[in-house]
Amino acid sequence: MTREITPTDARVRQEQTPSHEMIERLRQDNDRYAAAHDGRRRRAFVLTFGCQQNEADSERIAGMCVECGYALTDNAADADLIMVNTCAIREHAEKKALSVVGQYKHLKAKHPELIIGVCGCMVAQEHRRDELKRSYPYVDFVFGTTVLHRFPSLLYEKLSSGRRRFCADSEDHVVPEGMPVHRESGYRAWVSIMYGCNNFCSYCIVPYVRGRERSRRREEIVAEVRALVADGYRDITLLGQNVNSYAKGCGWDYDFADLLEELDAIEGDYTLRFMTSHPKDASSKLIDVMARGTHIAHHFHLPMQSGSDDVLRRMNRHYDTARYLSIVDELRAKIPDITLTSDIIVGFPGESEEDFEATLTMLRRVRFDMLYSFIYSARRGTPAAVMEAQIPPAVQSARFERLLALQNEIAGQINEGSVGSTVRVLCDGVSKNNEKLYSGRTDGNKIVFFEGTPEDTGRFLLVTVERSEPFALYGSKK
Ligand code: 5AD
Ligand code: SF4
């Protein structure tokens, strides 16, 4: 399954937009439908699994739906078009997506006109496309991550000829520009700065399902961020599988640190953040730009994956714990209030008790503010899936619990230390879990609960922290 890695620009076309002709035809068809149904438009429901990149893709799918004349709904049972944007990072994510698609069989039986499309990382894999084609006859079309812009054409084809389509990814790597976007929030926005990944970490499916790295041009990104700031967006996250290799191999005379610095110069009241950074290419130049920036969140998400040099080598991560610690030390020296978060995989093939202990030792040494921890999940076609000494699930789970317990203790102590301080928070409105309180996020993306008012939503507030838990802060508005 390994493909040759080509330089970023070799086969990249910089512009690829959805077909305006197809959008126009769909819009006319949907207008006719609405006119014949007392103004009721056909409705589209977009369901998203997985990471922020998928959320950003779903906002484009929703944007195309709106351009095509659909109204959006958040109720699948109410929809005339359902799009499921899937994830493949772990087996559990695939199982969940397949189970949800399975439930839509009943909706289609009740409403035969319903159209069901499946896209995203899971269906970028041939065996999953075949499975959907064979075992899910009510799925109308499927397309992978690199051909998002073909969605209106596939939809039109289905509506006009009834043909099912199972579209593989494009070998001709494209950088979509000018796609319509329907943003979920009026104050937080995702901005993809690059797509794909060249790293081939031995456990990871992403390079196979999202293709090789390709970067958007700086001018396009600057224009998008400028427009977002002008529209009142307060929190802008730059997205890429490895933003640190932005523009690498493109022959352009700038890199991610230059891009960040240029974006930071845009005037306005907003925060810039980015994810994800691979430790192997985290540069001093980037840290310096962050340290002197005015809008850049003092937050670094730096996936460590393991604290054992041997495991890191077999993960094909291209750094060791000494290098990782040197980045952490430099970050803390130059940006003393930095929030550090990380990803850890537990139970990678061949992980010994000693290797796992080394991870715990690193956790004690670095003291991350927050950790996203995962039990290793074998992904078909990746090198790690066929490594010897796969770890039994019971051992994986026991280690996972130990990791969580240690991290809880550390995060609890760190958060306890912020009691009495005042933090800046971007308010997200009434908390989903506790209707009496409002919630928001700090620069470091920590969740804070407080008593708020509807006008606070989408605004920066100062909150004095009065109480803490390992995963949350509680306080009062200043
Ligand atoms: N199993 C478990 N976790 C994984 N991740 C990536 N691939 C796998 C896998 N096969 C985790 C990594 C990555 C995060 C997004 O998901 O920690 O940083
Ligand atoms: Fe996967 Fe590694 Fe690429 Fe991240 S850097 S997407 S973990 S292959």
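Owing to the predicted nature of the structure, the values given are computational and were not obtained by experimental measurement.

## Quick word on the packing of aromatic side chains
All chains considered together, the criterion is met by 14 aromatic pairs. Seen in terms of ring centroids, F141 and F151 are 6.2 Å apart; in terms of plane orientation they differ by 40 degrees. Their pairing is tilted. Of the two residues, F141 sits in strand 5 (residues 141-143) while F151 sits in helix 5 (residues 151-161), which places them ten residues apart along the sequence. Centre to centre, the rings of Y319 and Y324 are 6.2 Å apart; their planes meet at 40 degrees, and the pair counts as tilted. There is no split in this pair, since Y319 and Y324 are both buried. Joined through ring pairs, the aromatic side chains of F141, F143 and F151 make up one cluster.

## Focus: the domain arrangement of the protein
According to the domain assignment, the protein consists of domain 1 (8-174), domain 2 (185-297) and domain 3 (422-477). For domain 1 versus domain 2, the distance between C-alpha centres works out to 27 Å. If you look at the interface, domain 1 gives 23 residues, while domain 2 gives 24 residues. Across the domain 1/domain 2 interface, buried area totals approximately 2000 Å², and carbon plus sulfur atoms make up 51% of it. Inspection of the region where domain 1 meets domain 2 yields one salt bridge.

## Concerning the site of ligand 1
By nearness alone, every residue bordering ligand 1 is listed as I89, R90, Y203, Q305, D343, I345, F374, I375, Y376, S377 and R379. A distance of 3.2 Å is found between an oxygen atom of ligand 1 and a side-chain nitrogen or oxygen belonging to R90. In this structure, D343 approaches ligand 1 through a side-chain N or O atom, which is 2.6 Å from an oxygen atom. If ligand 1 stood free it would expose 400 Å²; the protein chains cover 86% of that surface. Of all the elements in the fold, those that place two or more residues in the shell around ligand 1 are strand 13 (339-346) and strand 14 (370-375). For the shell around ligand 1, the class distribution of residues is six nonpolar, two polar and three charged.

## Section: the side chain of D264
With respect to the secondary-structure elements, D264 resides in helix 8 (residues 256-264). Buried charge without a salt bridge: D264, with R292 as the nearest opposite-charge side chain at an N-O distance of 7.4 Å. When neighbours within four sequence positions are excluded, D264 is seen to be in contact with Y270, L272, G293, T294, H295 and I296.

The rules we used
- Residues numbered from 1 in each chain as written.
- Chains lettered and ligands numbered in written order.
- Predicted model: local features only at pLDDT ≥ 70, side-chain atom pairs only at ≥ 80, totals over all residues.
- Heavy atoms only, no water.
- Phe/Tyr/Trp six-rings, centres within 6.5 Å; stacked < 30°, edge-to-face > 60°.
- Helix = DSSP H or I, 4+ residues; strand = E, 2+ residues; numbered from the N terminus.
- Buried < 20%, exposed > 50% of the residue type's maximum accessible area, 1.4 Å probe, protein only.
- Domains from an automatic or database assignment.
- Contact = heavy atoms within 4.5 Å.
- Buried area = accessible area lost by both parts, 1.4 Å probe.
- Salt bridge = Lys/Arg side-chain N within 4 Å of Asp/Glu carboxyl O.
- Near = heavy atom within 4 Å.
- Polar contact = N/O pair within 3.5 Å; in protein donor to acceptor, adjacent residues only side chain to side chain.
- Areas by Shrake-Rupley, 256 points an atom, 1.4 Å probe, with all protein chains shown as cover.
- Nonpolar A, V, L, I, M, F, W, Y, C, P; charged D, E, K, R; others polar.
- Lys, Arg positive; Asp, Glu negative; His and termini not counted.

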